[in-house]
Amino acid sequence: MYHKPQLPCLHCQPHDYIRMVQHMIERCLLFHMSRDDCVKALAKHAKIEPIITLTVWKELLKENKAFFLEYYQTISPRQFSNSSTQRMATFGRRKHWR
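Residues numbered from 1 in each chain as written. Predicted model: local features only at pLDDT ≥ 70, side-chain atom pairs only at ≥ 80, totals over all residues. Heavy atoms only, no water.

Undergrad: How do you make sense of the packing of helix α1 (residues 14-30) against helix α3 (residues 50-63) when you look at a structure like this?
TA: For any two helices packed against each other, the geometry comes down to the angle between their axes and how far apart the axes lie. Orientation of α1 relative to α3, taken along the N-to-C sense of each, is 75°, at an axis distance of 10 Å. The angle between the axes of α1 and α3 places the two elements in the roughly perpendicular class. On α3, the residues that touch Y17, I18, V21, Q22, I25 and L29 of α1 are I52, T53, V56, W57 and L60. Here the residues of the contact of α1 with α3 are counted per class, giving nine nonpolar, two polar and no charged. (Axes fitted to C-alpha atoms, helices over the stretch in contact; angles between N-to-C directions. Helix = DSSP H or I, 4+ residues; strand = E, 2+ residues; numbered from the N terminus. Parallel < 35°, antiparallel > 145°, perpendicular 65-115°, else oblique. Contact = heavy atoms within 4.5 Å. Nonpolar A, V, L, I, M, F, W, Y, C, P; charged D, E, K, R; others polar.)

Below, the structure is given as structure tokens:
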């Protein structure tokens, strides 16, 4: 019989819980997710409250400023992909109503 490992509890094992959230954030970073995408994913799939994810993210940012500066530069062109560029180009070509 398969036994599913139990996740740490925020109230019973806060250190382990925060470590787990940190690990999940790091997995999100591997997928080049933005902070908001990470918060949404952890809330939906791991049932982690957004305030917890945001707090751990903020602490990681404080400890690793150089990494996050490079990370944001790496993912920002991806966030403004072709769809955004196409919308901007289409917007510029619209006829103005008189």
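There's plenty left to go through after this.
Undergrad: What exactly am I supposed to notice about the environment of Y17 here?
TA: Mapped onto the fold, Y17 is located in helix α1. On the basis of relative accessible area, Y17 is assigned to the buried category, the value being 10%. Each C-alpha atom of the pair Y17 and L7 lies 7.7 Å from the other, and the pair is 10 residues apart in sequence. Not counting residues up to four positions away in its chain, the partners in contact with Y17 are P8, C9, L10, I48 and I52. (Buried < 20%, exposed > 50% of the residue type's maximum accessible area, 1.4 Å probe, protein only.)

Undergrad: Looking at this model, I keep getting lost on the nonpolar core. Mind explaining?
TA: By size, the foremost hydrophobic cluster in this structure holds 19 residues, and its most contacted members are V21, I25, L42 and I48. Where this core is concerned, the elements lending two or more residues are α1, α2 (35-45), α3 and α4 (65-79). Residue contributions to this core peak at seven residues, all from α1. Look past the residues within four positions of I25 in its chain and what remains in contact with it is C38, L42, T53, V56, W57 and L60. (Core = buried A, V, L, I, M, F, W, Y, C linked by side-chain atoms within 4.5 Å.)

Undergrad: Explain the pattern of salt bridges here, please?
TA: Side-chain pairs of opposite charge can arise whenever the charged atoms involved come near each other. Taken as a whole, this structure holds two salt bridges when the rule is applied. Of the charged contacts, one joins R35 and D36 as a salt bridge, the two residues approaching to 3.4 Å between their closest N and O atoms. Relative accessible area serves as the criterion here: at 37%, R35 is assigned to the partly exposed category. Classification of D36 by relative accessible area gives partly exposed; the value is 41%. Across the pair K62 and E59 runs a salt bridge, and its minimum N-O distance is 3.2 Å. Of this pair, K62 and E59 both sit in helix α3, separated by three residues, roughly a single helical turn. Owing to a relative accessible area of 53%, K62 belongs among the exposed residues under this scheme. Note on E59: relative accessible area 33%, which makes it partly exposed. (Salt bridge = Lys/Arg side-chain N within 4 Å of Asp/Glu carboxyl O.)

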